[in-house]
Structure formats: structure tokens, C-alpha cells
2 protein chains.
Amino acid sequence: MSELTTTRAACLARDDQDPLAPLRQRFDLPAGVIYLDGNSLGARPRAALQRAQEVVAREWGQDLIKSWNTAGWFDLPKRLGARLAPLVGAGADEVVVTDSTSLNLFKALAAAVRIQAQGETANRRVIVTERSNFPTDIYMAEGLTSWLERGYSVRLVDSSEELPAAIDADCAVVMLTHVNYRTGHQHDMAALTRHAHQNGALVVWDLAHSAGAVPVDLNGAEADFAVGCTYKYLNGGPGAPAFIWVPRRHQARFAHPLSGWWGHAQPFAMAHGFAPADGIGRALCGTPPVVSLAMVECGLEVFEETTMDAIRAKSLQLTDLFIELVESRCAAHPLGLVTPREHARRGSQVSFTHPHGYAVMQALIARGVIGDYREPEIMRFGFTPLYTSFADVWDAVEILKDILDREDYDVGAERGAVT
Amino acid sequence: MSELTTTRAACLARDDQDPLAPLRQRFDLPAGVIYLDGNSLGARPRAALQRAQEVVAREWGQDLIKSWNTAGWFDLPKRLGARLAPLVGAGADEVVVTDSTSLNLFKALAAAVRIQAQGETANRRVIVTERSNFPTDIYMAEGLTSWLERGYSVRLVDSSEELPAAIDADCAVVMLTHVNYRTGHQHDMAALTRHAHQNGALVVWDLAHSAGAVPVDLNGAEADFAVGCTYKYLNGGPGAPAFIWVPRRHQARFAHPLSGWWGHAQPFAMAHGFAPADGIGRALCGTPPVVSLAMVECGLEVFEETTMDAIRAKSLQLTDLFIELVESRCAAHPLGLVTPREHARRGSQVSFTHPHGYAVMQALIARGVIGDYREPEIMRFGFTPLYTSFADVWDAVEILKDILDREDYDVGAERGAVT
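Residues numbered from 1 in each chain as written. Chains lettered and ligands numbered in written order. Predicted model: local features only at pLDDT ≥ 70, side-chain atom pairs only at ≥ 80, totals over all residues. Heavy atoms only, no water.

Let us now look at the environment of A:D405. All names here are of chain A. With respect to the helices and strands, D405 occurs in helix 13 (residues 390–405). Since its relative accessible area comes to 41%, D405 is described here as partly exposed. For the pair D405 and H333, spaced 72 residues apart in sequence, the C-alpha separation works out to 8.1 Å. For D405, the side chain forms a polar contact with the side chain of H333, separated by 2.6 Å. (Helix = DSSP H or I, 4+ residues; strand = E, 2+ residues; numbered from the N terminus. Buried < 20%, exposed > 50% of the residue type's maximum accessible area, 1.4 Å probe, protein only. Polar contact = N/O pair within 3.5 Å; in protein donor to acceptor, adjacent residues only side chain to side chain.)

Here it is as C-alpha cells:
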């Protein structure tokens, strides 16, 4: 066992000095739980309960149909988009919160493919992505290509190193998840976007594990389209609607087949023939689920109390600490670090393999340390600087060590589903 | 003015005898309001507030990620579908609640077109619908056809009478809204479905203004696919997720391009390559908005206290009474009945034109009678037997009469958006 460079007291002292520590009070976290699964479902902002009551009791119950105007329900997708925009380096009029990540990805891919189908790039018929991408991203790309005219296909690349070469003269669109859901590996968005553009491709970024987790500068990177999730690091509530970013320069030619009335220039004119709204509104489709949508605002508000730079600084401290403690305190056990050590390549999660990863994770959860498990053998631990303390990290590792030392896990445990 | 056959006292007496009257207590309605807009946004079931608090405070806040299993979030789309199914003559394993009506329509149309593209019907490339259909339905059909291989198109029929002839040898799919959103006209589902099948077409029904409003027997009619809304007559909350019905006989070949992980046979295997779930699960796409979704259950539970036949009987009594009272009490004014008098052709709403329909509706709303307005000149009044009384109908007409008699409306009123 290597020598420990920290102690629990030192962790508590870091918490005392942590400028983000007071933000933990903005969240309702259960007693006795160390929640390291905010990369799957973010914790509940305290404000969300009152907001839910307002929306359900007053806006829906009392003001009824009038609330579309008086409570601002109509503007909610755009208002939330404008509030989310600074977190990902987007303009306020470039983001809407709507539908699921999968559906928004479909819109973005369709639009990118359509743009490439015009002009000299029309012969490009391949969407390039990684085999290790989150499955639904690949499924949606396959769904799109298999319904387009003959000749479109999805090309899966086996490793990040092979990506640059795969972006060849057949490649219309590169679809990448910025931070990998399983490994926590972070791509260099600016460099990959530049490389894709130099090779004639457009890039669609999935920010599911980036938004609110790491600094993102979509406009700085000159990215083409992006989508992301609000119920992970943004703490918008279970299954809360996702977001989509379309930069101003692409908005006029942003076209997709999911052309519902909310994306129409004049939805209430009940006009015949679809005429897309000017600007980001054309990324909308049908009526949004207002109660879930309203919760997103409570998550976003908390971010306005700090900066993504401050969040990133603490995130790296938390993940560095976790890696150091696991590797020192649990050195006797067959744990393998999957997440990059290099800061620039790391998201806000740490993944370790263990031959009995599923059973060990179940034992951790039973002891109040909530992470999750992903095939094969991967235990995921998400670190959310808004509500995770340094002492949490220490305590989580002590519990992990105890479970491993005593082999206090059931290798025959039946596997349930987790998202 | 024709002779009145009823009085307010008689209306109150009917309320006393009404077996559905006690169900009004299941809803939270604001004092001083006669709510005749349940065809746009249904009233709030009292249970919805407590349910929202449970989902937000306990399921999300306290149980966090575990709630996907322990609170049954995973099963919610199917569980709600099974509960909704009897209201539309569907099997319990044939319906899911998910996404918006627009998106579900896209899936159903895509699947129907794909089925027709196989075999002897492959030359059929036209989707037939009515020009008077709800615009988003037409927009979604246009969105689909314009992205399919060359040759697909949408054919708009100008009147219901022209429909049968339009279902010709080029017609792949007939897309109809069962009850028209503007006129309240109800199609004969069984007869039109039979006619379409005899002519080689499949039929997709939009039940937005039917589910919970009129008896529907999808399996009895041998319909092919259906979608519908939960936030109107089903009282599921603002923008609550919609439903989609795929009968068992079509499930194995139900394919659409929105192939997200929730529609995968094993969503958590994180497998490569999309393999659709057996059964209705393949109509799902991305993660659903749980808080909004949970509200739908509160709306559906109220329907289990009665039957669609009882609801229909009262609905016809309410709409008959409204027509009779408006035509007798307001006979001096230029009101034109748009909704069919024939019961079999009528939904659960009544629409009247008035040259100043928008202004009159604004005056009604200011006086607490909440209906809505649709271009051109149409005042819509929805009658929801679960919470509308006969005395409400009487009082609403008295207020309408007073506004019209005194010309107490502002013809210059600016037009806001309503949904």
C-alpha cells in the first residue's frame, strides 16, 4: 500500500475552505447517503418541490388554460434554453429544452445530413461515430440512415485513435459524445471539430455527460450541433426534457423531419403547409411536458451561483482525491482505473473495473454509497461539485475498502436495470 | 325566440340525479369558473398534487436513482398504457404513454408506410388526410414524406364526403383525426377503416379529441394504429406525454426510424445494433419525463369510477342542452352552429361561429366562462362530463346571452395564443 498523503481531517478542512460547499444546502439529499450517481440522475434542488406545487396547484389547477400565457408555459423551452446556454458556450437564442436526447440527436443528425446533401458534399453518406458511444446515439443514427435514401450508413470506430483517419471523403457527419458515459474519457472538442471541418465533415456533439460537469465552449470550438441531457449534472429531475443547440450560422438551414406545430413559424395560425420558425424555435416539435420542464429551471438556477470554472476546479480535486484514495487504500484488490488520469481527458466521473463490479456496487449501495454499474465489470462514480464534499469522497472509499477487505458482497446477486 | 323547454331549476334537478356528479369532487376547480376548455387542457385531479409531491420529494429527492426500479419508473409508460387501454378499446399490452402526439404520429405513419412498402402495395405512395385535420398532423406527415425516398406525398381532401374516393390505388395510409378539433365532427371509425381496408390502405387514427370524450373501440373497428393526447379529456396535466396504440397483429412488423434505447429489446445490455423490443415496447424511444408522466395516472384513475358509456350519455345531454339553450336564448345574435346535431357525428364539444368570435370569447373568459377560440370565427366549448354540471351549462349560456345582448366585448382585442 502506498503512503497516504491525506486524512479525513484534511478532507474536512478542504470542505471548510470550499467556496462551493454552501451550495449543498440548495439540494435535498437523504440522510446517510453519499450520492455518487449524479451522472445518471442528479439530486433534487430544494426549490423543485415548491415549484412542482406551484405548477400543479396554481398554474394547472387554478389558472388552467390561461397559464400557457400567464405562467409563460409557451416560452419555457426557449427561456430554459437561454438560461442553460452559458453553461455550454452557446448564445441565448441558440438552445431550447425539449423532447429527449435521443430525439434531439435525430433532429441534429438529420439536419447535418441534409446540409451535407447539398452542393459538393452530396456524395458523403457516412455518419462516423465510436463503437463505445452511448448505445442510443448509435441506434438513432442507424434509425435515421436506414430510412434515408439508399447509401447512407453508420461507421463505428473502435478507438478514439482511429477517429481522425475515419473522417474521410465519405464522411458527412461525425457524431461524438464529448465525455464517454462508461469511461469518463473526454474528447478534445475544439481539435476534433477542427479536424472534421478540415476534412469536410460536420460534427454533432452529445453533451449528456458534459453539460454542468465540465466547461464546454460550443461556439469557441465552432461546433455544428449539440444535444444534451438536463437530468444528470444539471439536476432537472427524472427524465426531464433534453436540450438541443443550433448555432446562429446554421439556423436558417436547420431542417429535420420531425416538423411539428411547435416548430412552425405561426403555430396558432393553424396554417396549411409547414413553415419553420425563424431561429432556434424550429428545433421544437410537439407540446412539451410542462411539469417536468418546469423542474429544469430549479436545476439551472443553482449554476447561476457559481461558474463552470469553479465547478471544474473542484471536480478535478474530487476525482483526483478519489483515484488517489482508492489506489492507496484498496491497493490489495483487483481494481482497474478506466478513467484517464490526464485532467484534460477526464470528465467528472471515475470508473473502476472489478471482476465482481456488479456485486461490489450492490454492496456499496446497501451501505449508502450510491454509484452505478455498467457492463463489463465497470463501477461508475459520478462527482458533482455542487453537492459532493471531500469528506464524502473519503467516507465512500473507506466503505469500499471495508467491503473489499471483508469480501462483503454477493457475487450471485441478480442484476436489475439502472439508468 | 323559440320556447324554452328547460329552466335553471330543471338543470339543478338533473344534477341531483346525475350519477357522475360526485366525480366533480375528484377535481380541483377554481371558484367562480365554468370550465369549458377541458378539450384543450383538462382540469386537475385533486390527487395530482399529492402525487407530484411524492414523485418530487420522495421518489426523486429521497430514493434518487433507485426509483427507476423501486417506484416503477421504468414500467410507467406501459403501466399507464394498460390503464388507458380500456378507454379506447385496446388490449392492455397494446398501448404506451410516451413522447408527444406529433412524435407518436410520426412513428405510426412511418410504420404504416413501411408495411405498405413491402409486397404488392409497394407502389402506393400517398398519405391521405383532410385539409381540416389538426395542422401538426399534416406537418408531421409532410415531414415524413419529404424525407422518404422520392415519390411519397400527402394528399389533402377538402371535405369528409370526398374521403372515400380519395382512398384509391395510390393510397398507402389514411391518417384521420377521429373527432375534429375545430368542429367537433366525429368520423365513423369502423366504416372508414373498413372502406380503407377494402381499398388496400392502412388507417392511422388520431384520438386527441376522442380518448376519454367518446367511446372508442379500436380493436372492434380493426383499426391499424392510433395515437392520442392525455392532457385534454384524460386530465393528465399540461403537455403530459401522449399515447400510441399498436395492435398485437401489427406489433412484430412495427418499425420506425426513432429507434432509441427505450425501444430496444435489452436497453441495459448496451448492445451494439438496434434490436426492437417484442411487443408495444418498441414504440418507445428515449427516457420519459417522469414527473409529467406520473400525473397521467391521476387522470386515468378517475375513469375507473365510471364507464365510457355513462360519460357519453351525459356528454350528449350536456351538448344537446348547450345547443338548445344557445339557439333559444341567443337567437337574436348571428351565431352559427358548426358541430353536427346528429349524435353519432358529434364529439364532446360544441362550436359556434360569431363574426366577433374572438372578442366574445375574451369577454366570456373575463366573466369566468372559459372556452377557447379557433380561426376562423369559431368559439369552442368543451364538455367534460366528469366535472361539468347541467347548471354550468345553463349559467354559461346566460352569461353568453348577457354579453351578446349588451355587446359587452372589445372587437379590437389583441389576439393571444391559446392551445
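A side chain of one charge can pair with a side chain of the opposite charge if their charged atoms are brought near each other. Summed over the entire model, instances satisfying the criterion amount to 58 salt bridges over all chains. Among the salt bridges present, the one from B:R155 reaches B:D168, with a minimum N-O distance of 2.9 Å. Of this pair, B:R155 sits in strand 6 (residues 153–157) while B:D168 sits in the loop between helix 7 (163–166) and strand 7 (171–177), and the two are 13 residues apart along the sequence. With a relative accessible area of 24%, B:R155 lands in the partly exposed category. Overall, the relative accessible area of 27% leaves B:D168 in the partly exposed class. Salt bridges linked by common partners bring A:R51, A:E54, A:R58, A:E59 and A:D63 together as one network. (Salt bridge = Lys/Arg side-chain N within 4 Å of Asp/Glu carboxyl O.)

Residue and element names in this part refer to chain B. The four strands lie next to each other as 11-12-15-14, forming an open sheet whose pairing is antiparallel. In the strand order of this sheet, the two ends are held by strand 11 (336–337) and strand 14 (372–374), each with one partner. Relative to strand 12 (residues 349–353), strand 11 runs antiparallel, the two sharing two bridges. Bridging across to strand 12, L337 finds its partner in F352. Across the face of the sheet, helix 12 (residues 357–366) comes into contact with strand 14 and strand 15 (378–382) while running at roughly 40° to strand 15. (Pairing = 2+ DSSP bridges. Contact = heavy atoms within 4.5 Å. Axes fitted to C-alpha atoms, helices over the stretch in contact; angles between N-to-C directions.)

For the match of chain A to chain B, the screw axis carries a shift of 0.0 Å, the RMSD comes to 0.0 Å, and the turn is 180°. What the rotation and shift describe, once combined, is the action of a two-fold rotation axis. (Least-squares fit on C-alpha atoms with pLDDT ≥ 70 in both.)

Residue and element names in this part refer to chain B. If you trace the backbone, R312 turns up in helix 11 (residues 308–329). Nearest to the buried, unbridged R312 among oppositely charged side chains is D309, at 8.0 Å. Residues in contact with R312, not counting those within four places in the same chain, are Q186, V214, P215, H343, R346 and G347. (Lys, Arg positive; Asp, Glu negative; His and termini not counted.)

Let's shift gears to the UniProt feature "modified residue: N6-(pyridoxal phosphate)lysine" (unreviewed entry) in chain A. All names here are of chain A. On the UniProt side, "modified residue: N6-(pyridoxal phosphate)lysine" (unreviewed entry) is annotated at positions that read K232 here. Position of K232 relative to the elements: it lies in the loop between strand 9 (225–228) and strand 10 (243–245). Leaving out residues up to four positions away in the same chain, K232 has contacts with G38, N39, S40, G42, A208 and H209. Within the local environment of K232, its side chain forms a polar contact with the backbone oxygen of N39, the two atoms lying 3.4 Å apart. (UniProt positions renumbered as here; feature names shortened; annotations may be inferred.)

On to the pairing of strand 6 (residues 153–157) of chain A. Residues and elements named next belong to chain A. When strand 5 (residues 126–130) meets strand 6, the two strands line up parallel, connected through five bridges. Each bridged residue has a counterpart across the sheet, and for E130 the counterpart in strand 6 is V157. With respect to chirality, the unit in which strand 5 leads through helix 6 (residues 135–147) into the neighbouring parallel strand 6 is right-handed. (Right-handed = clockwise from strand over helix to strand, strands pointing away.)

This part is about the environment of A:D18. All names here are of chain A. In this fold, D18 is placed in the loop between helix 1 (8–17) and strand 1 (27–28). D18 sits in the buried class, given a relative accessible area of 8%. A C-alpha to C-alpha distance of 33 Å links D18 and A223, two positions 205 residues apart in sequence. The contacts of D18, once residues within four sequence positions are left out, are K314 and F390. At a separation of 2.8 Å, a polar atom in the side chain of D18 contacts the main-chain amide nitrogen of L20.

Residues and elements named next belong to chain A. UniProt annotation of "binding site: pyridoxal 5'-phosphate" (unreviewed entry) refers to T101, S102, F134, P135, T136, D137, T177, D206, H209, Y231, W261 and T287 when read in the numbering used here. Spanning 187 residues, the named residues are also spread out in space, since their farthest C-alpha pair is 30.2 Å apart. As for its position among the elements, T177 is in strand 7 (residues 171–177). For T177, a relative accessible area of 8% translates into the label buried. Here T177 is in contact with N133, D137, H187, W205 and D206, once residues within four sequence places are set aside. A polar side-chain atom of T177 sits 3.3 Å from a polar atom in the side chain of D137. Inspection of the secondary structure puts W261 in the loop between helix 9 (248–251) and helix 10 (290–303). Overall, the relative accessible area of 4% leaves W261 in the buried class.

With that settled, consider the interface of chain A and chain B. Every contact between the two is made by 85 residues of chain A and, on the other side, 85 residues of chain B. Area buried by chain A at its contact with chain B is led by A:W60, A:Y139 and A:W147, which between them contribute 13% of it. Here chain A is connected to chain B by zero salt bridges. Summed over the shared surface of chain A and chain B, the number is 23 residue pairs in polar contact (both at pLDDT 80 or more). The set of elements that each furnish at least two residues to the side of chain A that touches chain B consists of strand 3 (44–45), helix 2 (47–62), helix 3 (67–70), helix 5 (101–116), helix 6 and helix 10 of chain A. Considering each element in turn, the side of chain A that touches chain B owes the most residues, 10 residues, to helix 6 of chain A. Here the side of chain A that touches chain B is built from residues that sort into 50 nonpolar, 25 polar and 10 charged. (Buried area = accessible area lost by both parts, 1.4 Å probe. Nonpolar A, V, L, I, M, F, W, Y, C, P; charged D, E, K, R; others polar.)

With that out of the way, let us pick up the packing of helix 11 of chain B against helix 13 (residues 390–405) of chain B. To characterise two packed helices, one gives the angle between the axes of the helices and the distance between these axes. All names here are of chain B. Contact geometry of helix 11 with helix 13 gives a least axis separation of 10 Å together with a crossing angle of 25°. Our classification of the angle between helix 11 and helix 13 gives roughly parallel. Seen along the crossing, helix 11 lies across helix 13 with a hand that is right-handed. Within the contact between the two elements, helix 11 uses K314, Q317, L318, L321, F322, L325, V326 and R329 and helix 13 uses F390, V393, W394, V397, E398, L400 and K401. In terms of residue class, the contact of helix 11 with helix 13 is built from 10 nonpolar, one polar and four charged. (Parallel < 35°, antiparallel > 145°, perpendicular 65-115°, else oblique. Left-handed = near helix turned anticlockwise from the far one by under 90°.)

Residues and elements named next belong to chain B. In this structure, R380 sits in strand 15. Judged by relative accessible area, R380 falls into the buried class, the value being 1%. At 2.7 Å, the side chain of R380 forms a polar contact with the backbone oxygen of Y181. A distance of 2.6 Å separates polar atoms of two side chains, one belonging to R380 and the other to D372.

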